[in-house]
Amino acid sequence: DADAAAAVAAAAACMHVGGPPAAAVAAVAAAPAAPAAVATSCKVRAASASPSLEVDHHAWPLQTHWVPKTPRLTNRTTAAVPVSPASVSTPAASPCRLSKSCVTSPVVWSNCHSPPLGWTSFISADALTRQRHTHHHSQAGPVLRGQPAARLSCTGGASHAELRAPLEATARQVPTAAQSPQQQTRAPAAAGKPAAFPAPAAALCPEELDPWLAAARTFKMNTDFEVSNMERIPAEDLPRLMATMKTESMGKPTIQALADKLLLSKIVDNLDIPQMPVLLSVQDVSDIKPEVARFLDNRLSGGDAAEAVVKPTHLSNGEGVMCLRPITSEEIEITTKSLETGLQKFMQKSANERESEALRSLRPGYIAQPRYRATIAFRMPLELRVLTLWGKARVGTWWWGCEAPQRNAWIVRSPRRPGELSDNDRWSLAHEHPGRNPGFDKAIALFLHHMPEMASAAEHLAAAVGAPLLRADFFVGSTAWGVRLNEVAYGSGIEYRRHAPPVPTGLAASAASLPDLPGSASTSSNCSGRLLDDAPAVAQILQEGFRHCSARLPAENFLSRLGVRGHTYAEMSVEAVPRRLR
């Protein structure tokens, strides 16, 4: 509502000019609790019968300002527009500044909301009252930069409690004059990580580790995934282990095939794992013009009313991704030019230096798929990232990173029988969400309901390619598509959490008197709600598992069964495997 928006704007403005964090938090705390979603649009309609705000179809997400997290730049001053109740409720106060041709342009770039490395974000005051659209004109016509929001409601918008959490976390990072330069340099969180206190790290005890080592002993590993000099990597150091795995992925055809979205799509088809269909496939710059023409002609002649996502097969982190809405015959020319220009530009690029050597070596390409729309209207599709170790799913992560750290959630495997992993294992939920967002609760319910299905598919894929570690990302929540595999990653830079084991009954009384650890969500006396950093345990399972896994086979043994032909990535192709042989 207007009061909540004004409070958030005041806090953001305070932090934006380097004000004291206490004042920012106080400004938010002074606002009354409001379950309504705070969102802005060229057209905002307040529902009288419910506490929700509905955003028009062409609305965009709240603008975020990216401020370098370095002491010498944090005190820069930028004018912040105060929020008044009239400016929130009156559409005329937030006029759309795009030309008509821009608003109706079918092509939308969707990769401009990720912060640069080492920067932090917060909601600006002016973003709460109007949308700031950035666009440019080229020979291909107007192309919008940004991702239009879905139709939002109270099930997907940011509640007042949710807005409070990231602002408090950001306030903890704002350097003050009382801090020394050394303290200020330690304040920023790592790039892409939530601005919150880290959970305490903990490895596994022998009873917890044994079932994972048993899985490693029976696992058939692809030699493309071997890691040399494993003994030189510090124990339980997942970042160092991931960096080594990325470096050694050069020239490994299995890892390259998994990173190439087009080859992966054909491999997944041969495994009968549900995924989004491919509508457009471009593997050479010379094919752009005819393939784009065929793709658009099929959409127009077939009356395709679904949105499509056009994305590169050789890049990551949303770079070069475009969204295409349904088109009319009058829009064919401008759409063709926009797509051709985008494809030509990004097919000249390779993955950035932070990615694996395998990803950086991929040949350029593009695919188009129907856009996945979940029934719960968050800005991004509901996507769960399932991590498998030695062919067994360990955790599914709903990852928002620093964009909405309070929504980060983990669904962790909980063996039904101690010391044994089975298909009937339970899945426990770990998160630190403050509550009062129905959309979050509904999304979590969907993830928990489909977790066994996603775990089974991820395990099937990991075993088929012989990967001791593999992350499979699944879309969830569409009544039209159901659960669908989106992409696969070898290695992962996201955070992992699990619950601490319960304190023995005899120690419950003394445990209740202990102060809560930073970042803990525990409210019970047995400490079962505390979250631990699971990254050391993931590294421990991998490092110990390499010592126990004795069945190691050449890559050809795995790839040939998946329809892959060719001994190197350069000559690789994938043929359809007859269903009787799958």
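Residues numbered from 1 in each chain as written. Predicted model: local features only at pLDDT ≥ 70, side-chain atom pairs only at ≥ 80, totals over all residues. Heavy atoms only, no water.

*Asks:* Got a sec to walk through the pattern of salt bridges? Specific residues and values, please.
*Replies:* Here the structure, examined in full by the defined rule, presents 21 salt bridges. For Glu226, the salt bridge identified is with Arg552, shortest N-O distance 3.4 Å. Of this pair, Glu226 sits in the loop between β8 (220-222) and α8 (238-247) while Arg552 sits in strand β21 (residues 551-553), and the two are 326 residues apart along the sequence. Exposure remark for Glu226: the relative accessible area of 32% places this residue in the partly exposed category. On the basis of relative accessible area, Arg552 is assigned to the partly exposed category, the value being 30%. Across the salt bridge formed by Arg497 and Glu495, the nearest N and O atoms sit 2.9 Å from each other. A relative accessible area of 18% places Glu495 in the buried class. (Salt bridge = Lys/Arg side-chain N within 4 Å of Asp/Glu carboxyl O. Helix = DSSP H or I, 4+ residues; strand = E, 2+ residues; numbered from the N terminus. Buried < 20%, exposed > 50% of the residue type's maximum accessible area, 1.4 Å probe, protein only.)

*Asks:* Describe α8, listing the residues and the values that go with them.
*Replies:* Helical geometry note: an α-helix holds 3.6 residues per turn, so side chains three or four residues apart project in the same direction. Here α8 has its buried residues at Leu238, Leu241, Met242, Thr244 and Met245. One face of α8 carries all of its buried residues, which in axial projection span an arc of 160°. Along α8, the residues that are exposed and aim more than 90 degrees away from the buried face are Pro239 and Thr247. Considering only its buried residues, α8 is in contact with β17 (469-475) and α16 (535-548). A side-chain oxygen of the first residue of α8 lies 3.2 Å from the backbone nitrogen of Arg240; this N-cap is Asp237. (Arc of directions from axis to C-beta. Contact = heavy atoms within 4.5 Å. Polar contact = N/O pair within 3.5 Å; in protein donor to acceptor, adjacent residues only side chain to side chain.)

*Asks:* Tell me about the nonpolar core, residues and numbers included.
*Replies:* Ranked by internal contacts, the top residues of the largest apolar core, which has 92 residues, are Leu389, Trp390, Trp398, Phe447 and Phe474. If one sorts the elements of this core by residue count, helix α14 (residues 438-465) sits on top with 13 residues. Once residues lying within four places of it in the same chain are set aside, the contact partners of Phe474 are Leu382, Glu383, Leu384, Val386, Met454, Ala457, Ala458, Val483, Arg484, Leu485 and Asn486. Counting 19 residues, the second largest nonpolar core, distinct from the first, contains Ile288, Leu315, Leu339 and Ala368. (Core = buried A, V, L, I, M, F, W, Y, C linked by side-chain atoms within 4.5 Å.)

*Asks:* Give a description of the side chain of Thr313 that names residues and reports values.
*Replies:* On the secondary structure map, Thr313 appears in the loop between β10 (308-312) and β11 (322-324). Excluding its chain neighbours within four sequence positions, the residues that come into contact with Thr313 are Ala259, Asp260, Lys261, Leu262, Leu362, Arg363, Pro364, Gly365, Tyr366 and Ile367.

*Asks:* Can you break down the confidence of the model for the protein chain residue by residue, with the values?
*Replies:* On average, residues of the protein chain score 72 in pLDDT, and 62% of them reach the 70 mark or higher. Across residues 164-196 the pLDDT falls below 50, and counting only partners more than four positions away or on other chains, this stretch makes 57 contacts in the model. (pLDDT = per-residue confidence, 0-100.)

*Asks:* How would you explain the packing of aromatic side chains if you had to name every residue and give the values?
*Replies:* Counted according to the given criterion, the structure contains nine aromatic pairs. Each ring, one from Trp398 and one from Trp400, has its centre 5.8 Å from the other, and the planes form 65°; the classification is edge-to-face. You'll find Trp398 and Trp400 in the same group, each marked buried. Pairwise contacts between aromatic rings join Phe378, Trp398, Trp400, Phe440 and Phe447 into one cluster. Over the ring of Tyr569 we find Arg363, and its NZ or CZ is 4.5 Å from the ring centre. Across from the ring centre of Trp400, 4.6 Å away, lies the NZ or CZ of Arg407, which sits over that ring. (Phe/Tyr/Trp six-rings, centres within 6.5 Å; stacked < 30°, edge-to-face > 60°. Lys NZ or Arg CZ within 6 Å of the ring centre and 35° of its normal.)

*Asks:* Summarise the pairing of strand β14 (residues 392-398); cite the residues concerned and give the values.
*Replies:* Residues in a regular strand point their side chains to alternate faces of the sheet. A large share of β14 lies buried, amounting to six of its seven residues. With five bridges connecting them, strand β13 (residues 383-389) and β14 associate as antiparallel partners. Bridge pairing in β14 places Leu387 opposite Val395. The turn linking β13 back onto β14 is made up of two residues, and Trp390 within it adopts a positive phi angle of 50°. (Pairing = 2+ DSSP bridges.)

*Asks:* Pulling in residues and values, what's your account of the side chain of Lys252?
*Replies:* As for its position among the elements, Lys252 is in the loop between α8 and α9 (253-259). Buried and unpaired, Lys252 has Glu248 as its nearest opposite-charge partner, separated by 5.1 Å. For Lys252, the contacting residues outside a window of four places in its chain are Asp224 and Glu226. (Lys, Arg positive; Asp, Glu negative; His and termini not counted.)

*Asks:* Describe the sheet that holds β17, naming the residues involved and giving the relevant values.
*Replies:* With antiparallel pairing, six strands are arranged side by side in an open sheet as β16-β15-β14-β13-β17-β18. Looking along the sheet, the strands with just one partner apiece sit at the ends: β16 (426-431) and β18 (484-489). Here the strands of the sheet are splayed against their neighbours by 25° on average, with no regard to which way each runs. Of the strand pairs in this sheet, β14 and strand β15 (residues 409-414) are connected by four bridges, and their pairing is antiparallel. The residue of β15 that forms the bridge with Gly396 is Ile411. Contacts from helix α7 (residues 206-218) reach β13, β14 and β15, with the element oriented near 115° to β14. (Axes fitted to C-alpha atoms, helices over the stretch in contact; angles between N-to-C directions.)

*Asks:* I'd love a proper account of unusual backbone geometry, names of residues and values included.
*Replies:* Trans peptide bonds make up the majority, and among non-glycine residues the majority have a negative phi. Within the chain, Asp272 stands out as a residue other than glycine whose phi angle is a positive 60°. Mapping Asp272 onto the fold places it in the loop between α10 (261-270) and β9 (280-282). With a phi angle near 65°, Arg436 is a residue other than glycine that sits in the positive phi range. Along the chain, Arg436 falls in the loop between β16 and α14.

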